[in-house]
Amino acid sequence: MTDTTDDIAEEISFQNFDDDCKLLGSLLNDVLQREVGGTFMEKIERNRILAQSACNMRTAGIEDAAELLEKQLASDISKMTLEEALTLARAFSHYLNLMGIAETHHRVRKSRNLTHLSRSCDDIFSQLIQGGVSPDELYDTVCKQGVEIVLTAHPTQINRRTLQYKHIRIAHLLDYNDRPDLTHEDREMLIEDLVREITSIWQTDELRRHKPTPVDEARAGLNIVEQSLWKSIPHYLRRVSSALKKHTGRPLPLTCTPIKFGSWMGGDRDGNPNVTAKVTKDVSLLSRWMAIDLYVREVDSLRFELSMNRCSDRLSRLAHEILEKETSSEDRLESRSQSLTRSQIKLHNQQLPSLPTQLPAGADMPSCTECNDGDSQYPRLELPGNDYMPLNRQDGQGSSCSDPQFQDSGRSSSKPSENGNLASSNSLQPPVTPRGSSFASSQLLAQRKLFAESQIGRSSLHKLLEPSLPQLAGIAPYRIVLGYVKDKLMKTRRRLELLLEDLPCEHDSCDYYESSEQLLEPLILCYESLQSSGSGVLADGRLADLIRRVATFGMVLMKLDLRQESGRHSETLDAITRYLDMGTYSEWDEEKRLEFLTRELKGKRPLVPLSIEVAPDVKEVLDTFRVAAELGSDSLGAYVISMASNASDVLAVELLQKDARLAVSGELGRPCPGGTLRVVPLFETVKDLREAGSVIRKLLSIDWYREHILRNHGGHQEVMVGYSDSGKDAGRFTAAWELYKAQEDVVAACNEYGIKVTLFHGRGGSIGRGGGPTYLAIQSQPPGSVMGTLRSTEQGEMVQAKFGLPQTAVRQLEIYTTAVLLATLRPPLSPREEKWRNLMEEISKISCQSYRNTVYENPEFLAYFHEATPQAELGFLNIGSRPTRRKSSTGIGHLRAIPWVFAWTQTRFVLPAWLGVGAGLRGVCDKGHTAELQEMYKEWPFFQSTVDLIEMVLGKADIPIAKHYDEVLVSESRRELGAELRRELLTTEKYVLVISGHEKLSENNRSLRRLIESRLPYLNPMNMLQVEILKRLRRDDDNNKLRDALQITINGIAAGMRNTG
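Residues numbered from 1 in each chain as written. Predicted model: local features only at pLDDT ≥ 70, side-chain atom pairs only at ≥ 80, totals over all residues. Heavy atoms only, no water.

A. Looking closely at the pattern of salt bridges. Considering all chains together, one arrives at 69 salt bridges under this definition. R169 serves as the salt-bridge partner of E197, at 3.0 Å between the closest nitrogen and oxygen. Highlighted residues: E197 in helix α8 (residues 184-202) and R169 in helix α7 (residues 161-177), separated in sequence by 28 residues. The class for E197 is buried, based on a relative accessible area of 14%. Judged by relative accessible area, R169 falls into the partly exposed class, the value being 38%. Counted as one network, the salt bridges with shared partners bring together E148, D561, R678, E718 and R791. (Salt bridge = Lys/Arg side-chain N within 4 Å of Asp/Glu carboxyl O. Helix = DSSP H or I, 4+ residues; strand = E, 2+ residues; numbered from the N terminus. Buried < 20%, exposed > 50% of the residue type's maximum accessible area, 1.4 Å probe, protein only.)

Shown next as structure tokens:
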């Protein structure tokens, strides 16, 4: 009976999804009818019907009829003009994007309508309590949980940010359309709004015309926080708290947050020369600026809400102290203003250049006329706007950006513009800057300081809009305290603006917030006051949400990780040791390196001489460590070493970090801010994964390092494992098994030395790069590897897919929390028998050999890869700031994992996710172990999840489409290789179904299968169109219109596959 009910619910849910697709499709048809005309619309509809009919025939098992229809479709497409092909590509691409929006909305609506949401906090907490976990143990484990989601700028996000915003607005409109109380007029207005959005999308260029810079990528990450995570975090934490109170009797502590966020955007320099030390510093400051700006807005809203008088004695005393300080400050200010003499004003005027004695050329022209400013012989005066905060010189020795009087609270804020400068939020124009050789920059700075120190430019508008603080005494103590908080936040924001502009900034540290603890103090005081005054319902509203945001995001929103390849550190130490006549570091063996590094780490003197001259690449590494020392662990997270293979790789970074901190501390005359960064080795290749445990043991056996971990990092060692390169190196199955064993070994190594371990998972979006459902991935980790802590990357298009909407973000955060909680309190089972491990070894060995024989040993494979996929043409896409290859080689070894997976995903062959798996499973089954593999599938979570993920990706693969690429694009001599690979795909499918016990692919996920099938009438023509465009482009590779058409098909196929690389 339950199954029948579930089927009915599924049908109702899908009916709503179909209705949304039909609505959006019909509106797009209406827009296209106006934009491209009825004649071409008939062609579009004919192509769709042919594709739909072919899909229906294939589903019914009538292969011959399906093949005839597909040939007719391909023939029609081949006869199209370039303009027609471009328009068809755009139309179907937008259809697929709209279906993707409807699909996301379908998932949100489905989870909202369920009375019992699986994997929610309430569901998992209940399961654990019923399973024997005590309420106290559950409470303590949740409160101590430490999950960090690290957003990366990996180049797999196809859509422009402009279009992403438009898609989000359509999602909101679909959500609004679900309301049962809408009137007929409301629905008509909603349809008009949808038509406007779809028209706007059609008339917008969907292609990026320039590569994003690392700062652009970082800004995109910060926008995810602003548009979604900022709203999601309070909602998510309320869910956790409510479930915790229901099952343990105690809510989540106000400043406790099980999840935080990190970022690689602007810090990941591995193979990306565009990420420099300056970029890292600017991105970190920008992140701080946005955090403060968001807090300013929240505090402003809170001031409006907390208008009551009743408060605790402690808060009342603080409010009066603030008022007394404000009053005395205003008295001093009035006295200073009256003492401003004529000579001081004259001195100020002398800073300005004299007025011209004759009019410049073109003075008679209208003011709107453009002129060549560079030819003007007269300087333009800069008049600072209202966004200048008063600067008070206290002692005549430099300026201070603070004043005891609080600043006007309602003034227009400045905001960093897209080029990294700052512009008024009321204008998109850059600040006016003086020109002319007579106007030196030193005069400008002096002028700015003098202007700011005087009160000439101080706006009095807001004095008229708001009563002065003394008049508020006894009326609103919360407003007085929060006004003080806002004022200090604004000073903090202004200081960051000056730092971003490289302007003089000598603020008194008492006048701005340096840490989240400083900001939390007055907020918690307000909270406790409301609770003690009988206003707990108010305390637990917006104020509690703000406190939770501060606890989660701190002063930086997301701490920035730095990542660099281990070889770059060796090159840097080479330069240093050669300069010091100590030899060449890279030529030493491991023991000699460790001896040198340990000796230098124990010493107290700097290693790098100030006079050293090095190559630009080496200087960039040293500059990065210097920036890390200046920013410290308050702004930065971990220093990740890619391609780590030895203990010396870790100690080299520790030494360079120590040396930079000594140098910066000496220059500042005080300790560096924050602590040292965590140094995290990243093991990526199969060879390095196999050695990971040994490397960690060697590290922890070094007394200096072990004491350093205990003293500076709370006895915690972080280790990162990479899924992408290991998959490209040995195939998905072997990579999964080597990752599993590496984690077991690393955990055992840390346990031997009494050190806690946090594993950092470098997972991609696609299954070929370690992607897949979050819950499944965490639940299949080795027992003991997830002990309340976890770090994991979310990359490229998956960031938008998982966290782009507040509703989906809340659900993802909850899944992370419950999966980690289950893995901690109820760890997944180990292999029941040693024989299971032996079978895994055998499958892995056969799988790896089969994979490498094809990819690395077959001399025809590389040429086949270039012909059968759009890999070479992916370089036209402006989707990331880093190059597609680590080195200039054309081989697969130096090709990054993202374009490797991306190219095969486009052809729907998804080869990296399954190649070798069929051979491995067949080899073991042929030896009579089929029943044991079926048993492993049922009882071992790791094996089950591995097989399920492969089955999921096989459901997305399409042999007829992959065959079409081969028939049109691949040389006849290499087509047999493609035929062999297609036979291998069928073998993989056969053995996966044997082991899972399913009759057909995705049988255990009917929703996924139905969603995939719904996309095919638009996705299949996109692939055929891509084949035709590739054929034409390879004969005319300089044709920019063909390139545009190809990029649009790439966008559309990525939208249809719902992932890229």
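Now, onward.
B. A look at helix α28 (residues 806-825). Taking 1.5 Å of rise per residue, 20 residues should cover 28 Å, and α28 covers 29 Å from first to last C-alpha, within 8% of that figure. In terms of residue burial, α28 counts as a mostly covered element, since 19 of its 20 residues are buried. (Expected span 1.5 Å × (residues − 1).)

C. Quick peek at the state of the cysteines. In the structure shown here, the tally under the stated rule is 0 disulfides. The thiol sulfur of C256 is not disulfide-bonded, and the nearest other cysteine sulfur, from C143, lies at 4.5 Å. The buried category is assigned to C256, whose relative accessible area is 11%. Here C526 stays unpaired: no disulfide links it, and the sulfur of C311, its closest cysteine neighbor, is 9.0 Å away. (Disulfide = S-S within 2.5 Å.)

D. The arrangement of the sheet that holds strand β10 (residues 789-795) in detail. What the 8 strands build is a closed barrel, ordered β1-β2-β5-β6-β7-β8-β9-β10; its pairing is parallel. The mean angle between the axes of side-by-side strands here comes to 25°, regardless of whether they run parallel or antiparallel. Relative to strand β6 (residues 636-642), strand β5 (residues 559-565) runs parallel, the two being bridged by 5 bridges. Paired with E565 across the two strands is S642, which belongs to β6. (Pairing = 2+ DSSP bridges. Axes fitted to C-alpha atoms, helices over the stretch in contact; angles between N-to-C directions.)

E. Inspection of the environment of R852 at higher detail. Residue position: R852 is located in helix α29 (residues 834-857). By relative accessible area, R852 is classed as partly exposed at 28%. Counting along the chain gives 124 residues from R852 to K728, while the straight-line C-alpha distance between them is 9.5 Å. Ignoring anything within four residues of it in the chain, the contact list for R852 reads D729 and E857. (Contact = heavy atoms within 4.5 Å.)

F. Geometry of the pairing of strand β7 (residues 678-683). Within β7, 5 of the 6 residues are buried, which leaves it mostly tucked inside the rest of the structure. Across 4 bridges, β6 lies against β7 in parallel orientation. Looking at β7, one finds that A638 is bridged to R678. Of the crossover connections in this fold, the one passing from β6 over helix α21 (residues 647-668) to the parallel β7 is right-handed. For β7 and strand β8 (residues 716-722), the ladder comprises 2 bridges, and the chain directions are parallel. Following the sheet pairing, L682 is matched in β8 by M720. (Right-handed = clockwise from strand over helix to strand, strands pointing away.)

G. Just the side chain of T492, in detail. Residue position: T492 is located in helix α15 (residues 477-500). Within polar-contact distance, the side chain of T492 engages the backbone oxygen of K488 at 2.7 Å. The contacts of T492, once residues within four sequence positions are left out, are I292, Y512 and Y513. (Polar contact = N/O pair within 3.5 Å; in protein donor to acceptor, adjacent residues only side chain to side chain.)

H. Structural detail: the nonpolar core. In this structure, Y295 and L557 are the most contacted members of the largest nonpolar core, which totals 157 residues. Ranked by residue count, the leading element in this core is helix α10 (residues 277-305), at 14 residues. Beyond its immediate sequence surroundings of up to four residues, L557 is in contact with L222, V225, W230, F261, S287, M290, A291 and L294. The next biggest cluster of nonpolar side chains, apart from the first, holds 120 residues, and it includes L88, V855, C925 and L1033. (Core = buried A, V, L, I, M, F, W, Y, C linked by side-chain atoms within 4.5 Å.)

I. How the structure looks around the packing of aromatic side chains. Per the stated rule, a full pass over the model turns up 29 aromatic pairs. Where Y740 meets F942, the ring centres are 4.4 Å apart and the plane angle is 35°; that geometry is what we call tilted. You can see Y740 sitting in helix α25 (residues 732-752) and its partner F942 sitting in helix α34 (residues 941-956), a full 202 residues away along the chain. Judged by relative accessible area, which is 6%, F942 ranks as buried. Between Y864 and W904 the ring centres are 6.3 Å apart and the planes differ by 35°, which places this aromatic pair in the tilted class. With Y864 in helix α30 (residues 861-868) and W904 in helix α31 (residues 897-906), this residue pair connects regions lying 40 residues apart in the sequence. The residues Y864 and W904 share a single accessibility class, namely buried. Three or more aromatic residues link up through ring pairs in this structure, and these residues are F861, Y864, F865, W900, W904, F909 and W914. (Phe/Tyr/Trp six-rings, centres within 6.5 Å; stacked < 30°, edge-to-face > 60°.)

J. Spatial organisation of unusual backbone geometry. If you check the backbone angles, L557 has positive phi at about 65° while not being a glycine. Considering the arrangement of structural elements, one finds L557 in the loop between α17 (536-553) and β5. Its identity is not glycine, yet R908 carries a phi of approximately 65°, on the positive side. By the secondary structure assignment, R908 is in the loop between α31 and α32 (917-925). What makes R908 buried here is its relative accessible area of 2%.

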